[in-house]
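Letter by letter, the chains look like this.
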Amino acid sequence: MGINSYINIPKEMFPDMELDKISVMGSYKGASANTMDKMAVRDIEDSLSDINGIDKSETTISPGAFAIVLTLSKGANRELTLSRVKDSVALSRQNLPSDMNEPLTTLLEKSKPLIKLAISSSVLSIGQLSVIAQDMKSKAAKVPGVSEILIRGDSDEQVTIKINSEALLAYGLNHGAVLGAISNLSYIFPIGDIEQRGNFVFISTANGKADVNGYRDAILNIDNRYVKLSDIAEISIEYPQIDTLATYNGKKTISLNISKGVSGDAIVLSKRLQEYVLAQQKNYKDVDFTFYEDSSKPIKDRLDIIISNLMLGLILVFLSLYILINLRIAIIVALGIPFSFLIGITFIYYMGYSINVVSLLGALIVIGIVVDDAIVVSENIQRYIDEGVDRLEATIRGTKEMLLPVTLATLTTVVAFLPIFMMQGETALFILLIPITVIIMLLGSLIESFLFLPLHANEYLRKSNNRVNWIPLQNMYERVILRFLHFKKISLFFFLVLIPIISIYMASSMKFQFFPNFDGNFLYISGKVDINTPLEETYKISQEIEDELVKHKEEFSLKAISNIIGYRRSLSGETQRNSGVFMITMELHDRASTNFVDSYITPILNLNFNFNDPLKIRKEQTYELSPRARDIIKEFKNRYNMEDLGVMEDKPGLIRSDIEISLSGMNDELLQDGIKKLEEKIESVEGIRNFSDNIKLGKMEYKIKINSYGESLGLSEASIARTLSAYFLEQKQSTTFNERGVMEIKTEDIKKDSIDTFLNFSIPFGEGKSVKLTQVADIIEIRDYEKINKLNGSIIKTFFATIDKRKTTSQEVLDKLEPTLDELRASGIDVMLLGEKEKKEQLRNDMQKAIFLALFLIFLSLLLIFSKVKYALMVMSVIPLSVLGALVGHKILGINLSMTSIIGILGLAGVVVNDGIIMLDFLHGTHKLEEFLLRAKLRLRPIIITTLTTFLGLFTLIFYATGQAVILQPIAISIGFGLIWGTILNLVYLPTLYALVNKIEKKAI
């Protein structure tokens, strides 16, 4: 069952970190962001505000469209909340424009990027490639596990009719009548059917003209006047690229961005998909299919490295047991480890989780801990055998003696990790697999230690001489204990007063960052030019930047480079779509091995024996290359007066921006001024990589206000608007078919994109009369925001910044901005600190509750062992004192404290008391010095061995973490170094405290 679970369990980089979300999306072409907010969004937000189960509402309004994303509260019923949202949107429909479609409400499906497919050809046109791309999308979507496929760089085929308004004037034709005649060129619906006996017939039309010449030669009946369409319009059948363009390695392509569902196995799915698509390639002549940005490769590489680290940890644990005790115990203990792992994998699989960096690192963290139970039990059995007790009796006695303390010691570790389940938000989803993995494997270890290990011990253990003579070490330990007993008050003053003071001082002097830097395989260049820039011009600018980066191919170890124009992920993490944005993706070769383990041990344990991988050539990490890329491209920002241009690296996904400050209030100018003050201040702060804001002006808007002269002519705002929209608003008139599918027939004026045409437009009135637009209406020029962002119904202006975490932290930057923030608050602006600060505050609140609960549960567990509260409190006093070891470990390795460091310290609380339980359980009841020293010496070997095996299990993660594993390295540092210091406390401080409490004096010898 365990092997089957491992084969079938999904494998991915990170666990699912998204909370359930509902999206409400609507559109109304031609409306500015401000108009869209007033006429649609506000009413919908008001109707949604009373729904239970919604934690947060985020709204993005852009010209002609809006999207409201509702994040559901933990435990909220998805289907019930979705139904309520749909009902609320339907009720607000009565307040929306009559010709606006009802907004679409959907539950956002969770998906993860899998791979991209570039479709290109040196022979075929983009239009022809678009047809192939649509065909491949349909076929690839049928591959099991594929959840979503987005096409970038394609275009839909359409019939474009550009009407010559001057020709209409010359012919004396009514524009509305012309559009009506054009709309009658095609009819795609069924006409009917005839069911004559023996001859059933369907009736339909030819669905419009066969080709462009057919449309040009079409005769229109316009108010009983017959006109050839080509006399009054230009007609073409084309693939207008108005949304996005895509390139791969400098070549124009169409890109298929393929995503997988939450449950799909990225490695298996990617292989299956590539085999399927490449098999289809033979059906498309002169077309090249190229896969790139394959997420399964780094997933496989990272998982292979972690698995090899697990194997190395197992080997180190086995060798340490062999050297410190004997070969037979090493074998018996090692036999139990696969059992615990298989139990863990089985439970994770059937609980619906996956094997990923987090779950495997959870296993790596617990690998040393999981053998502790087996070591203590087997060592106790071996002790009795060495004393001459019969093997069966020794097995029974040694097992029974350890049953209660080992079970409760395991329980304390379990309860230390349990409070992590109380954490909220995306952070909890990210870290959740660690306590699940640890708890399940510990329980598996407990089962193995008391059910199967005694059977193996009875069969294989023999009386033997240890490879290491522990007597000299035990004698030295006795002398140390006596020395501390002689100065026990001074010793306890050192432990109980000085150690906490040193710990507090060290913690206050250390920096905190939510996640440590880690090395990925991608750098992203995100850029934005003026919103009025055409797509092709944006393409040319981005191509210049791309060409410049390619010149430094060797420096970056560049594997491939791709570009999407018309779409980008901004520096703040938001997605943007317009003609003035682009995003260049630099895919880098793998980093060369930098340590002995990765170079020589990992290839052996992975059984590939590839000691000189030619693809691992990159020398620097992505966060080291990022500043260099920024230096190369910075000249383009000034050259083209770009609004945004920056470099981004891969992130875990929990935090969009290191610094995110949102301002809200009634005075829009005051908010803009506040954002400018923050930007001016942050320019002088060291360690800032990029900064930006969401105050971007959109396209110019002309508002038409009819004057008294226009009204005296019988004109109205509505009549003028209808006349102008027929000329300046691209309109769908009809739909037709061809052999490639559905085509829309769209019309626009041939001079639509001319401001002079608009200002000099002649408005018809009366019988054959007309008047210039500017004579009957005032033209008011305004420039609205490109988009409006709202949080929980309030409009917000947001400032974003990313930092160089090697030079500074988010908190240090915010401390420098605090005077400016206080000034903004004093002016009446509401300041919200989001980004890492928000997550940090949430973590602090969660950890306060978790630590309190963990200590309480550990205390209850200890009361099951010790009859007196004082002994439970004695063991628990080791927990806060052991934190110093975790802090020292971070200092030694030069690593900042992080969210995962705190999780590690929480887990340390459960681990460090285990040895305390083993020690105090043996000392309990002793009141004479001789017996006290004897029992303390008997616990020296198991305590040292369990500590050593735990540390060796964590060894590779502490000292040789690479790639995404670096994120969880602080957990291993906290537990590993904390446990070493905790071992000293359990061996020295705890016996000294016990002697003082029970008045065991040195003079009693």
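For clarity, every value in this text was computed on a predicted model and none was experimentally measured.

1. Here we look at the overall build of the chain
Then step 1. Helix and strand counts for the chain come out as 35 helices and 34 strands.
Then step 2. Oriented by its inertia axes, the alpha-carbon framework of the chain measures out at about 125 × 75 × 60 Å.
Then step 3. Buried positions account for 54% of the 1005 residues belonging to the chain.
Then step 4. When contacts within the chain are restricted to residue pairs at least 6 apart in sequence, those whose partners lie at least 24 apart make up 80%.
Then step 5. Carbon together with sulfur atoms contributes 55% to the accessible area of the chain, which is approximately 44500 Å² in total.
Then step 6. Counting 107 positive and 115 negative side-chain charges, the chain places the averaged centre of each group 7 Å from the other.

2. Some words on a nonpolar patch on the surface
Then step 1. Together, Phe-493, Phe-494, Leu-496, Val-497, Leu-498, Ile-501 and Ile-502 make up a nonpolar patch on the protein surface, roughly 570 Å² of accessible area in all.
Then step 2. Locating Phe-493 in the fold gives a position in helix 18 (residues 488-509).
Then step 3. Looking at Phe-493, the relative accessible area reads 45%, which means it is partly exposed.

3. Quick look at helix 30 (residues 869-876)
Then step 1. Buried within helix 30 are the following residues: Tyr-871, Ala-872, Met-874, Val-875 and Met-876.
Then step 2. Lining the buried residues of helix 30 we find helix 29 (835-863), helix 31 (878-893), helix 32 (899-923) and helix 35 (969-997).

4. Let's talk about the nonpolar core
One broad trend across soluble globular proteins is that nonpolar side chains are buried collectively.
Then step 1. Within the largest apolar cluster, 170 residues are counted, with the highest numbers of intra-cluster contacts made by Ile-119, Leu-256, Phe-430 and Phe-932.
Then step 2. Counting residues per element, this core draws most heavily on helix 35, which supplies 15 residues.

5. Notes on unusual backbone geometry
Then step 1. Residue Glu-293 is not a glycine yet carries a positive backbone phi of 50°.
Then step 2. We note that Asn-792 has phi near 50°; this positive angle belongs to a residue other than glycine.
Then step 3. As for its placement among the helices and strands, Asn-792 is situated in the loop between strand 32 (788-791) and strand 33 (794-803).

6. Brief notes about the packing of aromatic side chains
Then step 1. For the coordinates displayed, the defined rule picks out 20 aromatic pairs.
Then step 2. Aromatic pair Tyr-284 and Phe-289: ring centres 5.8 Å apart, planes at 50°, arrangement tilted.
Then step 3. Since its relative accessible area comes to 11%, Tyr-284 is described here as buried.
Then step 4. Looking at Arg-152, its charged tip hangs above the ring of Tyr-567, at a distance of 4.0 Å from the centre.
Then step 5. Here the basic side chain of Lys-252 rests over the ring of Tyr-539, its NZ or CZ set 4.8 Å away from the ring centre.

7. Considering empty space enclosed by the protein
Then step 1. A full pass over the atoms with the stated rule returns seven cavities of 30 Å³ or more.
Then step 2. Computed from the structure, the largest cavity encloses a volume of approximately 90 Å³.
Then step 3. If you go around the largest cavity, the residues you meet are Asp-372, Asp-373, Val-376, Val-406, Ala-409, Asn-914, Asp-915, Ile-918, Pro-942, Ile-943 and Thr-946.
Then step 4. Here the residues of the lining of the largest cavity are counted per class, giving six nonpolar, two polar and three charged.
Then step 5. Of the pockets and cavities examined, the second largest cavity occupies roughly 70 Å³.
Then step 6. If you go around the second largest cavity, the residues you meet are Arg-568, Ser-570, Ser-572, Glu-574, Gln-576, Asp-644, Ser-692, Asp-693, Asn-694, Lys-696, Lys-787 and Phe-800.
Then step 7. Of the residues assigned to the lining of the second largest cavity, the class counts are one nonpolar, five polar and six charged.

8. Focus on the pattern of salt bridges
Close approach of charged atoms allows side chains of opposite charge to pair.
Then step 1. Summed over all chains, the structure comprises 38 salt bridges.
Then step 2. As a salt-bridge pair, Asp-37 and Arg-42 come within 3.2 Å of each other at their nearest N and O atoms.
Then step 3. Close ionic contact of Glu-701 with Lys-703 constitutes a salt bridge, the shortest N to O distance being 3.5 Å.
Then step 4. Judged by its relative accessible area of 17%, Glu-701 falls in the buried class.

9. Side note on the packing of helix 17 (residues 471-486) against helix 35
In helix packing, the relevant descriptors are the interaxial angle and the interaxial distance, both defined with respect to the helix axes.
Then step 1. Between helix 17 and helix 35, whose axes approach to 10 Å, the crossing angle comes to 50°. Considering the angle they form, helix 17 stands oblique to helix 35. Taken as a pair, helix 17 and helix 35 cross one another with a handedness that is right-handed. Mapping the contact onto sequence places Tyr-477, Val-480, Ile-481, Phe-484 and Leu-485 in helix 17 and Leu-987, Val-988, Pro-991, Thr-992 and Ala-995 in helix 35.
Then step 2. In the contact of helix 17 with helix 35, the residues fall into nine nonpolar, one polar and no charged.

10. Side note on the domain arrangement of the chain
Then step 1. Entries for the chain in the domain assignment read domain 1 (18-109), domain 2 (111-157 + 240-293), domain 3 (158-188 + 203-238 + 698-734 + 743-785), domain 4 (299-467), domain 5 (472-509 + 866-1004) and domain 6 (520-651).
Then step 2. Relative to domain 6, the C-alpha centre of domain 1 lies at a distance of 35 Å.

11. Quick notes on the environment of Ser-509
Then step 1. Positionally, Ser-509 belongs in helix 18.
Then step 2. Residue classification places Ser-509 among the partly exposed positions, given a relative accessible area of 38%.
Then step 3. Sequence separation between Ser-509 and His-552 is 43 residues, and the spatial gap between their C-alpha atoms is 40 Å.

12. Quick look at the packing of helix 19 (residues 535-550) against helix 22 (residues 622-639)
Then step 1. Two numbers describe how helix 19 lies on helix 22: the axes approach to 9 Å, and their chain directions differ by 160°. The orientation of helix 19 relative to helix 22 falls into the category roughly antiparallel. Relative to helix 22, helix 19 is oriented so that their crossing is right-handed. For the pair formed by helix 19 and helix 22, the contact residues are Glu-544, Ile-545, Glu-548 and Leu-549 on the first element and Ile-632, Ile-633, Phe-636 and Arg-639 on the second.

Reading the values: the criteria
- For every chain, the first residue of its written sequence is number 1, and the numbers climb from 1 along that sequence.
- This being a predicted model, a pLDDT of at least 70 is required before a residue's local features are given, and a value of 80 or more before pairs of side-chain atoms are given or counted; all residues contribute to the totals for chains, interfaces and linings.
- With hydrogens and water excluded, all non-hydrogen atoms of the structure serve as input to the side-chain values.
- The numbering of helices and of strands both runs from the N terminus, where a helix is a DSSP run of H or I of at least 4 residues and a strand a run of E of at least 2.
- To sort residues, take the accessible area from a 1.4 Å probe on protein chains only and compare it with the maximum for the residue type: under 20% means buried, over 50% means exposed, and anything in between is partly exposed.
- The contact definition used throughout considers only heavy atoms, calling two residues in contact when any of these lie within 4.5 Å.
- Only the protein chains shown count as covering a residue, and every accessible area follows the Shrake-Rupley method with a 1.4 Å probe.
- Within this scheme the basic residues Lys and Arg register as positive and the acidic residues Asp and Glu register as negative, but His and the chain ends are omitted.
- By convention, the point assigned to a charge is CZ for Arg, NZ for Lys, CD for Glu and CG for Asp.
- Within this analysis, patches are made of residues with over 30% relative accessible area and no salt bridge. Like charges are joined at 9 Å or less; nonpolar side chains (Val, Leu, Ile, Met, Phe, Trp, Tyr) at 5 Å or less.
- A carboxyl oxygen of Asp or Glu within 4 Å of a side-chain nitrogen of Lys or Arg is what we treat as a salt bridge.
- Here the nonpolar core consists of buried residues drawn from Ala, Val, Leu, Ile, Met, Phe, Trp, Tyr and Cys, with membership extended through side-chain atoms lying within 4.5 Å.
- Whether two aromatic rings pair depends on their centres lying within 6.5 Å, for rings of Phe, Tyr and Trp, where Trp uses its six-membered ring; planes under 30 degrees apart make the pair stacked, over 60 edge-to-face, and the rest tilted.
- Only when the NZ of Lys or the CZ of Arg is both within 6 Å of the ring centre and within 35 degrees of the ring normal is a charge said to sit over the ring.
- Only protein atoms enter the 1 Å grid used here. Points where a 1.4 Å probe fits but cannot escape make up a cavity, open sets with protein on both sides within 12 Å along at least five of seven lines make up a pocket, and a residue lines them when an atom lies within 4 Å of a point.
- Grid points are joined across faces, edges and corners, and a volume is the space filled by probe spheres set on the points.
- Residues were grouped as follows: Ala, Val, Leu, Ile, Met, Phe, Trp, Tyr, Cys and Pro as nonpolar; Asp, Glu, Lys and Arg as charged; and all remaining residues, including Gly, as polar.
- Only the contacting stretch of a helix is used when fitting its axis, a line to C-alpha atoms as for every element, and angles between N-to-C directions run 0 to 180 degrees.
- Throughout, the term roughly parallel applies to angles under 35 degrees, roughly antiparallel to angles over 145, roughly perpendicular to angles from 65 to 115, and oblique to all others.
- Each crossing gets its hand from how the near helix is turned against the far one by less than a right angle, where anticlockwise is left-handed and clockwise is right-handed.
- Domain delimitation follows an automatic or database domain assignment.

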